[in-house]
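# Chain and residue survey
Chain residues, written in single-letter form:
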Amino acid sequence: MALLGMNSFQLYTEDTYEIEGEPFFGYFRGGYSKKELMEVDDYAFDLGIEVFPCIQTLGHLGQILQWPEYVKVRDTAEVMLCGSEETYKLIEKMVQVSTCFRSKKIHVGCDEAHGLSEGRYKQIFGSKDSAQVFIEHLNRVNEICLRNDLEPLIWSDMLYTLAAKNDSISAYYDQNVNPLGRIPSNMTLVYWDYYHTSHLPVSQKITQHRELGFEPWVAGGIWTWNRFVTGAISLHSNALLSACKLAKIKNVFVTLWGDDGNEFDLKSAMPGFCYFSERFYSNTEDIDESIKKSFAGIFGGNLDDFNMASKVDCISQEYSSDENFHFPPNMSKKK
C-alpha cells in the first residue's frame, strides 16, 4: 500500500475483535486481540498509513445475534434492535475498539440493514416508518461517537433504500430518491459503487450526496466476492475513478469483501490495487504498461498471467440488462 501511494487502511470487522466482559461477542470467530490491533496500527504508522476500524453498529451482525446472550439487542436475525437502551450500551462498548488506534476516525457501518424495525422492534415499539427509525438510530450512534471523541463514517445506502421503501441496490443508485430525516452533520457519508460501467450515474450520485450537504467519501470494489479469482482492469473501476476525478473527490478507497464463501485467491486481488493506484495518480487512462511494471516491481508477478486466470469468470456477457450496470459474473461457480 505504501509503495502504491495509499495512505489509509480500514480494517473491517463485524464481531472479530475482543470486547471486555462480552465473551459471546466474536465467540469462536478468532477475533483480533487489542495487542494485535495495536501492532497493526504501529506497523502501518511507520509506513505513513492511517488505520482505523470499520465495524458494524446495526446490520451484518448475525454472528452475535444468534446467541441467546444478545436476544435483548436483536430486531431480526441480522439487525440490531434500534431504540433499545441495551443496544446502545453494547455499541458504547463496541466503539472502544478505536482505543487501539491512533486515528480518531471510525467507520460504524449501518449498511444493508434489511428488515430494520420489522422484527422484534415492531412487537416492542409498534409500527413506525423504518427511515425515521434509522435516522433516530444514527443520531444515537453519533452521540456515542461524539462522547468518545470519534469521527464517524457510515455507508450511505440505507438512507436511499429506506426512503424508496425498496431494499434492492437499484433504489440506492436511483437518481430520483432523496433521503428523509435529519442526518447528523458531522457524520461522513460513504457512497459505495461496485457495478456501474459509465461514469455518468456515479457523478450524479456524488452530486446527490453533495446536495444533502455532505462531501462524500467514495468506495470502489475489487471483485473478490462471488468468485475464485479476480483481475486487475475492469470497466466499473474505471468509471468510478473517472467520476471521482471529475468531481474532485478527496477521499477514495477500494474494498475487498469475502461474501459468498470467501473462496477467492487473495493474491489475485493484488493487480486491482495496482490498477486503482495507477489510475488514480495518472492523468491518462492508458496505464496498461505502468500497471505491469508496478505489479512486477512490488508483487513480483506477471500481470498477464493474473488477467488470464481471471478470465475463468468472463466467458459470458450476460451481466445485466443495463449496459451501464454490470454485476460480477461467476461462471467458475456455476454447476
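No experiment lies behind these values; they were computed from the predicted model shown. Residue numbering note: each chain is counted from 1, following its sequence as written. Whole-chain, interface and lining totals are the exception, using all residues; otherwise, since this is a predicted model, local features are given only for residues with pLDDT of at least 70 and side-chain atom pairs are given and counted only at 80 or more. For the side-chain quantities, the full set of heavy atoms in the structure was used; hydrogens and water were omitted.

### A word on the overall build of the chain
Going along the chain from the N terminus, every DSSP run of H or I of four or more residues is numbered as a helix, and every run of E of two or more is numbered as a strand. Each helix and strand counted, the chain has 12 helices and seven strands in total. Using C-alpha atoms as the atom set, the radius of gyration is obtained and then compared with a globule rule of 2.2 Å times the number of residues to the power 0.38. A compact globule built from 335 residues should have a C-alpha radius of gyration of about 20 Å, and the chain, at 20 Å, falls within 12% of that. Viewed in the frame of its principal axes, the chain has a C-alpha envelope of about 60 × 45 × 45 Å. Three exposure classes are used, based on accessible area relative to the maximum for each residue type with a 1.4 Å probe and protein chains only: buried under 20%, partly exposed in between, and exposed over 50%. Here the chain holds 335 residues, and 51% of them are scored as buried. We call two residues in contact when some of their heavy atoms are within 4.5 Å. Counting contacts in the chain only where the partners sit at least 6 residues apart, residues at least 24 apart contribute 72% of the total.

### As for a nonpolar patch on the surface
A grouping of Leu 3, Ile 298 and Phe 299 is seen on the molecular surface, where their side chains present a nonpolar patch of about 290 Å² in accessible area. Tracing the chain through its elements places Leu 3 in the segment before strand 1 (8-12). Assessed through its relative accessible area of 71%, Leu 3 is described here as exposed. Candidate patch residues must exceed 30% relative accessible area and have no salt bridge, after which like charges are joined if within 9 Å and Val, Leu, Ile, Met, Phe, Trp or Tyr side chains if within 5 Å. Values of accessible area rely on a 1.4 Å probe in the Shrake-Rupley scheme; residue burial ignores everything except the protein chains shown. Each salt bridge in this description consists of a side-chain nitrogen of Lys or Arg and a carboxyl oxygen of Asp or Glu lying within 4 Å of one another.

### Digging into unusual backbone geometry
We note that Phe 28 has phi near 60°; this positive angle belongs to a residue other than glycine. The residue Phe 28 is located in the loop between strand 1 and helix 1 (34-46) in this model. Note on Phe 28: relative accessible area 76%, which makes it exposed. Positive phi, normally seen in glycine, also occurs at Ser 117, with a value near 70°. Take Ser 117: it is sitting in the loop between strand 3 (105-107) and helix 4 (120-125).

### Digging into the nonpolar core
Among buried residues, the Ala, Val, Leu, Ile, Met, Phe, Trp, Tyr and Cys ones that are joined through side-chain atoms within 4.5 Å form a nonpolar core. In terms of nonpolar packing, the biggest core is built from 93 residues, with Met 94, Phe 134, Leu 138 and Ile 206 touching the most fellow members. Leu 138 has contacts with Cys 110, Ile 154, Leu 159, Ile 183, Pro 184 and Met 187, leaving out every residue within four places of it along the chain.

### A short note on the pattern of salt bridges
If charged atoms from side chains of opposite charge come close, those side chains can pair. Throughout the structure, instances matching the rule amount to 17 salt bridges. Here Arg 227 ties to Asp 313 by a salt bridge, and the two come within 3.9 Å at their closest N and O atoms. Of this pair, Arg 227 sits in the loop between strand 6 (217-221) and helix 9 (235-247) while Asp 313 sits in the segment after helix 12 (303-310), and the two are 86 residues apart along the sequence. Between Lys 292 and Glu 289 there is a salt bridge, and its shortest N-O distance comes to 4.0 Å. Taken together, the residues Lys 292 and Glu 289, both in helix 11 (residues 288-299) and three residues apart, mark about one turn of the helix. Classification of Lys 292 as partly exposed rests on a relative accessible area of 30%. It is possible to trace a salt-bridge network through shared partners that takes in Asp 41, Asp 42 and Arg 102.

### A look at the packing of aromatic side chains
Stacked, edge-to-face and tilted are the three classes for Phe, Tyr and Trp ring pairs, Trp counted by its six-membered ring, which pair at centre distances within 6.5 Å; planes under 30 degrees apart are stacked, over 60 edge-to-face, the rest tilted. All told, the structure shown has 26 aromatic pairs when counted by the stated rule. Ring centres 4.9 Å apart and planes at 45° place the aromatic pair Phe 24 and Tyr 27 in the tilted group. Ring geometry for Trp 155 versus Trp 257: centroids 6.0 Å apart, planes at 65°, classification edge-to-face. Linking Trp 155 in strand 4 (residues 151-155) with Trp 257 in the loop between strand 7 (252-255) and helix 10 (270-281), this pair joins segments that are 102 residues apart in sequence.

### Observations concerning the environment of Asp 265
Here Asp 265 shows up in the loop between strand 7 and helix 10. Residue classification places Asp 265 among the partly exposed positions, given a relative accessible area of 40%.

### Some remarks on the packing of helix 11 against helix 12
For every element, the axis is a line fit to its C-alpha atoms; helices are fit only across the contacting stretch, and the angle between N-to-C directions ranges from 0 to 180 degrees. Following both chains from N to C, one finds helix 11 and helix 12 inclined at 105°, their axes separated by 9 Å at the closest point. On the basis of their axis angle, the class for helix 11 and helix 12 is roughly perpendicular. In this structure, helix 11 contributes Ile 291, Lys 292 and Phe 295 to the contact, and helix 12 contributes Leu 303, Asp 304 and Phe 306. Note that Gly is not counted as nonpolar here; it falls among the polar residues with everything else outside the nonpolar set of Ala, Val, Leu, Ile, Met, Phe, Trp, Tyr, Cys and Pro and the charged set of Asp, Glu, Lys and Arg. Looking at the contact of helix 11 with helix 12 residue by residue, the classes come out as four nonpolar, no polar and two charged. In this scheme, roughly parallel covers angles under 35 degrees and roughly antiparallel covers those over 145, while 65 to 115 is roughly perpendicular and the rest are oblique.

### As for the packing of helix 5 (residues 130-147) against helix 6 (residues 157-164)
Orientation of helix 5 relative to helix 6, taken along the N-to-C sense of each, is 155°, at an axis distance of 8 Å. The angle between the axes of helix 5 and helix 6 places the two elements in the roughly antiparallel class. Along its contact with helix 5, which presents Ser 130, Ala 131, Phe 134, Ile 135 and Leu 138, the element helix 6 presents Met 158, Leu 159 and Leu 162.

### Description of the UniProt feature "domain: Glycoside hydrolase family 20 catalytic" (unreviewed entry) in the chain
UniProt positions are given in the numbering used here, feature names are shortened, and annotations may be inferred rather than shown by experiment. Mapped onto this structure's residue numbering, the UniProt feature "domain: Glycoside hydrolase family 20 catalytic" (unreviewed entry) falls at residues 30-169. Secondary structure content for residues 30-169 is 43% helix and 9% strand, and the end C-alpha separation is 31 Å.

### A look at helix 9
Look at helix 9: 18 Å from first C-alpha to last across 13 residues, which is about the 18 Å you get at 1.5 Å a residue. Taken together, the buried positions of helix 9 are occupied by His 236, Ser 237, Ala 239, Leu 240, Leu 241, Ser 242, Ala 243, Cys 244 and Ala 247. Along its buried surface, helix 9 packs onto helix 8 (199-211), strand 6, strand 7 and helix 10. Of the residues one or two after helix 9, Lys 248 is the one with positive phi, at around 55°. Working rule for helices: expected span equals 1.5 Å times residues minus one.

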